[in-house]
Each structure stands twice: as C-alpha cells, then as structure tokens.
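# Observations on chain architecture
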Amino acid sequence: MTRKVLKLCKIIVGAVLMGAAVSSIYEPAGVVAGGLSGVGIILKESLGIPMWVTNVVLNIPLFTTAFIILGKKSLLRSLMGMAAFTVTVAFAPPIRVFGGEVFAAALCGGVLMGIGVGLIIGENTTTGGVDLIATMVNYRYRRFKTVWIMFGVDAVIIGAGVAVFGLINAVYAVFSLFLVSYVSGKIIDGPGRAKAVLVISRKDDLIADFLMKDMQRGVTGLLSMGMYSGREGYSLLCVIQGRELPYVRKKIHKIDNRAFIMISDVTEVL
C-alpha cells in the first residue's frame, strides 16, 4: 500500500509541476512549450480558448486509443495525471516576475517541466497529450525512446507557434525543450546512464525470454544455489538503459511477484 501511495503522490506532484510550468511561466511569457499545452497556448492567444478546454478535448481520442493499447490500469493512472495537470492549468496564477525576460521563463519553465515529466514517466505513467503518444509508441517499439519521441512531436508544435509569437520566442522554446529532455532524462535514468539488473527467480526461463525477445537485450545465466532453500538455478544478469528500468521492473514482477531484483549503476559498457 505504501508503494502505491508513493507512486500516486509522485504522479500528482509531477502533473502539478507540469501544469504550473505551462500556466504560470510559459503562457505569460509567450513560450510555446510543445505538446498539447503548447497547442493550448497558441489557441488561447489566437482564439481565446482556455488552455484547460483544449487539453481535455484533444485528450479524448488519445485516451480512447490508450485504453486499447496500454490497458485499463495504465489508463487510470494517466487519467489521474491528466486531471491534476488540467486543474493546475485552470487555476495556477500567472507569474510575471520575469518582466518580459523570455530566457528566464524558458529556463525556469524547462527545469520545472523537466522535473514533472521525469517524475511521471519514471512511474510508467503520463498526463495524456504528447507524452501519452510517446508512451504508446515506446510500448509497441521499444527502440524509440519516450523522451525523444516527445521532443520530435514538440518541435513540430513549437514550429507552429512561430506564426503567433515570433521566431525569437520559438528559439527560446526550443532551448526550453532541450532542457526538459535533459532534466527529465536525468531523473528517469538516475545517476548512471545504464543499469545492471541481477534477477533471482524460480521463473528464470520466462524472465530471460522476456529480456531477450521483448527488450532485445543479452542475458547471462549465472549458475547459482540458494543456500537457504538448497535450490539450484540461474541468476540472470542483464544491462539495460536507465529509462527502461521502470518497464523492466514492472514486467519482471508481473512474471514472478516474488522475484529478487538487484539494480546497480553502470558507468561504462564496452
């Protein structure tokens, strides 16, 4: 229960930070942050449509598709994130302390947004929008990294914002987007870029099959014996990218909820 509460808290905090970055920092400075929030900023400036309305309307078809691809459990977590994000966007007050300094807004907004994105994606969840699209693509095609899928789609939306806010603001938006990708990537990856995962399980054959076929990673089976149980078997050693860790951990525990997993940082892989 404690882990579930912690997961929920991280999702809500991440969504609130993202919503605050959009409504309080990006929108007052005219920085199109990318994603559906970027679309919302453009539509609010050009047509006067509230950002929270745009977010809700555009997320309807995305969540319908996500229900089919990701399943009900993931959808419910994403709905909670989307709800927290939408409420924050609707009620967070604008911060105008930057006095028109777009660079400061892009810098602070990028850090705040990056922390929020990292917290949410680190829990294998989204707030809808572009990160939900990226999660669905990453779920089907593991070689496409979630953060960089988001970056590509966001770049297109930022380009559309040039017509509304001008080229200078778009340049600062690109800078902010790089910052979001960097900060969120650091939070998702942890201190190291790669992770060594050692798994001890009675279902070592099924877990090894998942790592090799689904994750397309090499696995080494280390012959071992449990001194307490007296059981011989294989301890599985595998090296993965840090951002893949939440997915791998979840799938291993789905295969065997009693699996013993040790995770360590890897500073170099040759």
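Per chain, the residues get numbers from 1 upward, laid out in the order the sequence is written. Note on the predicted model: pLDDT of at least 70 is required for a residue's local features to be given, and 80 or more for side-chain atom pairs to be given and counted; whole-chain, interface and lining totals, by contrast, use all residues. The basis for the side-chain values is all heavy atoms of the structure; hydrogens and waters are excluded.

### Quick notes on the overall build of the chain
Helix and strand labels come from DSSP, where a helix needs a run of H or I of at least four residues and a strand needs a run of E of at least two; each type is numbered from the N terminus. Looking only at helices and strands, the chain has 11 helices and 4 strands in total. For the radius of gyration, the atom set is restricted to C-alpha positions; the globular benchmark scales as 2.2 Å times the number of residues to the power 0.38. In terms of C-alpha radius of gyration, the chain reaches 21 Å, essentially the compact-globule figure of 18 Å for 270 residues. For the chain, the spread of C-alpha atoms along the principal axes amounts to about 70 × 40 × 30 Å. A burial count over the chain gives 47% of its 270 residues as buried. Contact between two residues is taken to exist if any of their heavy atoms lie within 4.5 Å; hydrogens are not considered. At a minimum sequence separation of 6, the contacts of the chain that also span at least 24 residues come to 74%. In this scheme, a residue with accessible area under 20% of its type's maximum is buried, one over 50% is exposed, and one in between is partly exposed, where area comes from a 1.4 Å probe on protein chains only.

### Topic: a nonpolar patch on the surface
On the surface, Leu8, Ile12, Val16 and Met80 cluster together into a nonpolar patch covering about 280 Å² of accessible area. In this structure, Val16 sits in helix 1 (residues 2-29). The class for Val16 is partly exposed, based on a relative accessible area of 35%. For patches, a residue must show more than 30% relative accessible area and have no salt bridge; joins then use 9 Å for like charges and 5 Å for nonpolar side chains, namely Val, Leu, Ile, Met, Phe, Trp and Tyr. Here the open area of atoms and residues is found with the Shrake-Rupley method and a 1.4 Å probe, where only the protein chains shown may cover a residue. Salt bridges are defined as contacts in which a side-chain nitrogen from Lys or Arg sits within 4 Å of a carboxyl oxygen from Asp or Glu.

### As for the pairing of strand 2 (residues 220-225)
Across 6 bridges, strand 2 lies against strand 3 (residues 232-241) in antiparallel orientation. Bridged to Ser224 within strand 3 is Gly233. In short, DSSP must find at least two bridges between two strands for them to pair. Following strand 2, the chain reverses through 6 residues before pairing antiparallel with strand 3; Gly230 in that reversal takes a positive phi of roughly 75°.

### Some thoughts on the packing of helix 1 against helix 2 (residues 35-47)
Helix axes are fitted only over the stretch in contact, all axes being lines through C-alpha atoms; the angle between N-to-C directions runs from 0 to 180 degrees. Where helix 1 meets helix 2, the axes come as close as 11 Å, and the angle between the chain directions of the two elements is 50°. Relative to helix 2, the element helix 1 lies oblique. The way helix 1 lies across helix 2 gives a crossing that is right-handed. Of helix 2, the residues touching helix 1 (which contributes Val22, Tyr26 and Glu27) are Ser37, Ile41 and Lys44. Any residue outside Ala, Val, Leu, Ile, Met, Phe, Trp, Tyr, Cys, Pro, Asp, Glu, Lys and Arg is labelled polar, Gly included; the first ten of those are nonpolar and the last four are charged. Here the residues of the contact of helix 1 with helix 2 sort into 3 nonpolar, 1 polar and 2 charged. Note on terminology: angles under 35 degrees are roughly parallel, angles over 145 are roughly antiparallel, angles of 65 to 115 are roughly perpendicular, and the others are oblique. Handedness of a crossing is defined here by the sense of rotation of the near helix relative to the far one, left-handed for an anticlockwise turn of less than a right angle and right-handed for a clockwise turn.

### Quick look at the environment of Val156
Considering the arrangement of structural elements, one finds Val156 in helix 7 (residues 146-160). For Val156, a relative accessible area of 62% gives the class exposed.

### Focus: the pairing of strand 1 (residues 194-200)
Of all 7 residues making up strand 1, 5 are buried, and the element is well covered by its neighbours. Looking at chain direction, strand 1 and strand 3 are connected through 7 bridges and run antiparallel. In the sheet register, Ala196 faces strand 3, and the bridge partner there is Val239. Here 7 bridges tie strand 1 to strand 4 (residues 260-266), and the two strands are oriented antiparallel to one another. Among the inter-strand pairings, Ala196 is bridged to a residue of strand 4, identified as Ser264.

### Remarks on the packing of aromatic side chains
The geometry of an aromatic ring pair is captured by the separation of the ring centres together with the interplanar angle, meaning the angle of the planes. Aromatic contacts are taken between Phe, Tyr and Trp rings whose centres are within 6.5 Å, Trp giving its six-membered ring; a plane angle under 30 degrees counts as stacked, one over 60 as edge-to-face, and the others as tilted. Counting across every chain of the model gives 3 aromatic pairs. Three or more aromatic residues joined by ring pairs form one cluster here, namely Phe103, Tyr172 and Phe175.

### Here's the deal with the confidence of the model for the chain
In predicted models, pLDDT denotes the confidence assigned by the predictor to each residue on a 0 to 100 scale. Scored by pLDDT, the chain comes out at a mean of 82, with 92% of its residues at no less than 70. Helix 6 (residues 129-140) is the least confidently modelled element of the chain, averaging 75 in pLDDT, while helix 10 (residues 204-214) averages 92, the highest of any element.

### A closer look at helix 2
With 13 residues, helix 2 should reach 18 Å at 1.5 Å per residue; the first-to-last C-alpha distance of 18 Å fits that figure. The complete set of buried residues in helix 2 reads Gly35, Leu36, Ser37, Gly38, Gly40, Ile41 and Ile42. In the stretch just after helix 2, Gly48 is the one whose phi turns positive, near 75°. Any helix carries an expected span of 1.5 Å times its number of residues minus one.

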